[in-house]
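# Notes for the structure review
For reference, the chains in residue letters:
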Amino acid sequence: MKKKKNKDYNIDRLLDSLPTTLLLINRQKRIIEANPEATKFLGENIESKTIDEVFNCSEEEIFDKVFEGGTIERREIELEDRIIGFSASPLYNNENEIEGASIILRDITEIKEMEEELRKKDRLAALGEMVAGMAHEIRNPLASIKVGIESLSFDEEKNEKASRYKSIILKEIERLERIVNDMTVYAGEKPLNKQKVNLQHLINQTLMMFHQEMNERNIEAKNIYQGELDCMVDRDQMITVLTNLLLNAIHSIGKDGLIEIRTKEKERDLMIEIKDNGVGIPEKVLSKIFIPFFTTKSEGTGLGLSIVNRIIRNHNGIIQASNWEKGACFFIAIPKGF
Ligand SMILES: Nc1ncnc2c1ncn2[C@@H]1O[C@H](COP(=O)(O)OP(=O)(O)OP(=O)(O)O)[C@@H](O)[C@H]1O
Ligand SMILES: [Mg+2]
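Just so we're clear, the structure is a prediction, and the values are computed from it rather than from any experiment.

Basis of the calculations
Residues numbered from 1 in each chain as written. Chains lettered and ligands numbered in written order. Predicted model: local features only at pLDDT ≥ 70, side-chain atom pairs only at ≥ 80, totals over all residues. Helix = DSSP H or I, 4+ residues; strand = E, 2+ residues; numbered from the N terminus. Rg over C-alpha atoms; globule rule 2.2 N^0.38 Å. Buried ≥ 20, exposed ≤ 12 C-beta atoms within 10 Å, placed from the backbone. Contact = placed C-beta atoms within 7 Å. Pairing = 2+ DSSP bridges. Axes fitted to C-alpha atoms, helices over the stretch in contact; angles between N-to-C directions. Near = placed C-beta within 6 Å. Nonpolar A, V, L, I, M, F, W, Y, C, P; charged D, E, K, R; others polar. Core = buried A, V, L, I, M, F, W, Y, C linked by C-beta atoms within 7 Å. Domains from an automatic or database assignment. Left-handed = near helix turned anticlockwise from the far one by under 90°. Expected span 1.5 Å × (residues − 1). Parallel < 35°, antiparallel > 145°, perpendicular 65-115°, else oblique.

Here we come to the overall build of the protein. Within the protein one finds 10 helices and 12 strands. Taking 338 residues into account, the globule formula puts the C-alpha radius of gyration at 20 Å, and the protein, at 30 Å, lies well above it. Of all 338 residues assigned to the protein, the portion counted as buried reaches 22%. The long-range share in the protein, meaning contacts at least 24 apart out of those at least 6 apart in sequence, stands at 58%.

What follows deals with the sheet that holds strand S11 (residues 318-324). The strand order across the open sheet built from five strands is S7-S9-S10-S12-S11, with neighbouring strands paired in mixed fashion. Single-partner strands in this sheet number two, and they are strand S7 (219-225) and S11. Averaged over all pairs of adjacent strands, the angle between their axes in this sheet comes to 15°, without regard to strand direction. This element, helix H9 (residues 235-253), spans S7, strand S9 (257-266), strand S10 (269-276) and strand S12 (327-335) of the sheet and lies at about 20° to S10.

Two strands pair when backbone bridges link them, and strand S1 (residues 21-26) and strand S2 (residues 31-34) are joined in this way by three bridges, in the antiparallel orientation. Note on S2: the bridge partner recorded for Leu24 is Glu33. What sits between S1 and S2 in their antiparallel hairpin is a turn of four residues, with Lys29 showing a positive phi close to 65°.

All right, on to the site of ligand 1 then. Taken together, 23 residues lie near ligand 1, and Ser252, Thr295, Gly300, Gly304 and Leu305 sit nearest. Grouping the constituent residues of the shell around ligand 1 by class yields nine nonpolar, 12 polar and two charged.

Further remarks concern the sheet that holds strand S3 (residues 72-79). Taken in spatial order, the five strands line up as S2-S1-S5-S4-S3 in an open sheet, and their pairing is antiparallel. Sheet topology places S2 and S3 at the edges, where each strand pairs with a single neighbour. When the angles between neighbouring strand axes are averaged without regard to direction, this sheet yields 30°. Judged from the six bridges that link them, S1 and strand S5 (residues 98-107) form a sheet pairing that is antiparallel. Directly across from Leu22, in S5, lies its bridge partner Ile104.

This part covers the nonpolar core. Counting residues in each nonpolar core, the largest one holds 38 residues, and the members touching the most others are Leu245 and Val308. For this core, the two domains that each supply at least three residues are domain 2 (112-186) and domain 3 (194-335). Not counting residues up to four positions away in its chain, the partners in contact with Leu245 are Ile274, Val308 and Phe330. Core analysis: the second largest hydrophobic core is formed by 16 residues, Ile25, Ala34, Ala38 and Phe86 among them.

This part is about the packing of helix H6 (residues 160-186) against helix H10 (residues 304-314). Close contact between H6 and H10 brings their axes to 9 Å; oriented N to C, the two are set at 35°. Seen along the crossing, H6 lies across H10 with a hand that is left-handed. Contact residues: Asp182, Val185 and Tyr186 in H6; Ser306, Ile307, Arg310 and Ile311 in H10. When the residues that make up the contact of H6 with H10 are grouped by side-chain class, the tally is four nonpolar, one polar and two charged.

With domains assigned, the protein is organised as domain 1 (11-107), domain 2 (112-186) and domain 3 (194-335). Relative to domain 3, the C-alpha centre of domain 1 lies at a distance of 50 Å.

What follows concerns the pairing of strand S8 (residues 230-234). Residues Cys231 and Val233 of S8 are buried on one face, while the alternating residues Asp230, Met232 and Asp234, pointing to the opposite face, are not. Pairing of strand S6 (residues 194-198) with S8, which is carried by five bridges, proceeds in the antiparallel orientation. Across the sheet, Lys196 pairs through a bridge with Met232, a residue of S8.

With that settled, consider H6. Under the 1.5 Å per step criterion, the end-to-end length of H6 is 39 Å for 27 residues, consistent within 8% with the ideal 39 Å. Those residues of H6 not exposed but buried are Asp182, Met183, Val185 and Tyr186. Against the buried residues of H6 lie helix H5 (109-151), H9 and H10.

This next bit is on unusual backbone geometry. Non-glycine residue Lys29 carries a positive phi angle of around 65°. Positive phi values are uncommon outside glycine, yet Asn316 reaches one of about 60°. Its location among the elements puts Asn316 in the loop between H10 and S11.

Looking now at the packing of helix H7 (residues 199-209) against H9. The relative placement of two packed helices is expressed as an angle between their axes plus a distance between the axes. Here H7 crosses H9 at 55°, and the two axes come no closer than 10 Å. For the element pair H7 / H9, the angle class is oblique. For the crossing formed where H7 meets H9, the hand is right-handed. Each of Leu202, Ile203 and Thr206 in H7 lies in contact with H9, whose residues at this interface are Arg235, Met238, Ile239, Leu242, Thr243 and Leu246. Across the contact of H7 with H9, the residue classes tally to six nonpolar, two polar and one charged.

Shown next, in the form of C-alpha cells:
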C-alpha cells in the first residue's frame, strides 16, 4: 500500500465531515472510532462497544476475512426494523499490519422497499397475462355449456329434479361468467371507454342499487360532496369500483352502521373517501388486500379490490386502504381528465 507523506490536510476533519456512516474497529471488534454520522445513526455511546453488540449479530467470523486482508462488500443486516447495508475493509497501521477494520454503513430500507415494489409489479404483470389467458380459455367452453343447458327441453313440471338442476347450473354459469368478466377487467383487456360523467350522480346511482339491501341491514349512507365533480372516466368501470367498495363496506358492517362517502375536487384531481364503521381490516392483511384472489371470506373470490385497483390505476389514479378508529377507510385520487 502506497503511503502518502507530508499530509497537508486534516484526516480527522475529513472523516467528521464525511456524509457517510463510518466506524473503525480493532481486532477485538471493539469500536475505536465513530464519525458524527455514525453516532447520529447508531446513537451516542457506541464507542467501546463491540460491533457484534451494535449489529446484534451472532456471526462471529464475519470480520475474520477482513482481518486477513479481504473485504466485505454489500452485506445486509437487520437492525430493529431497518435494513442496513455495510462494507468493510482492513485498517492498516503505519507498519502495514492489519489493526482492525473500517466499516461503512448505509440505511437501505427504502431502496429494499422500492426493489420489492418493482418485483411485485413484475409479478402482477405476469399474473395479469396468465389471468387474461385463462379467462379466454374458460369463456368459450362456458358459452357452449350455457347454450347446451338452455336448449335442454323437457317437461319442467314432470321433471322437477331436472328442472331444479337446470336452474342451479344456469346460476352457477352466471357466477362463472361474472368471475371471467372480472378476470378480463383485472387483466386490463377492456379498453377504457371514457365519457363525461358527474361523479356525484354516479355515486347516487350506485347507492340506489344498494338501497334495499342497506335498508334491510339498517345501514345508513352519508354522501358528502363539494364542487362540480365532473370528470372523464369509464362510467361502467367506475360503477364497478364503487360497487365493490360499497359491497365490502356493507359486508364488514353486517348490520346497523354507517358508510360515509366524501368527494371533493383538489386542483386537477377528484378525491373520494369511503369510510365504514365495520370490523376494519386486520393490520396483517392490509398489505395483501389488493392482490388477486386474496380474500378472508368463505364466499369471496378476492378479485374485488384487485379489479378496483386496476381500474383506478388505468385511470392514472391511486387507491389506498387504511383503518380509522372504527372501521376501514378507502381513499381514491383520480385525475378529472379534462
Ligand atoms: N371495508 C372493508 N372492511 C374490512 N375488510 C375489508 C374491507 N374491504 C376489503 N376488506 C378485506 O379485503 C379482502 C379482499 O377484498 P376483495 O373485495 O378483494 O375480495 P372479497 O370481498 O373477499 O371477495 P370478492 O371478490 O367477492 O369481492 C376481504 O376479504 C376483506 O378481508
Ligand atoms: Mg369484495
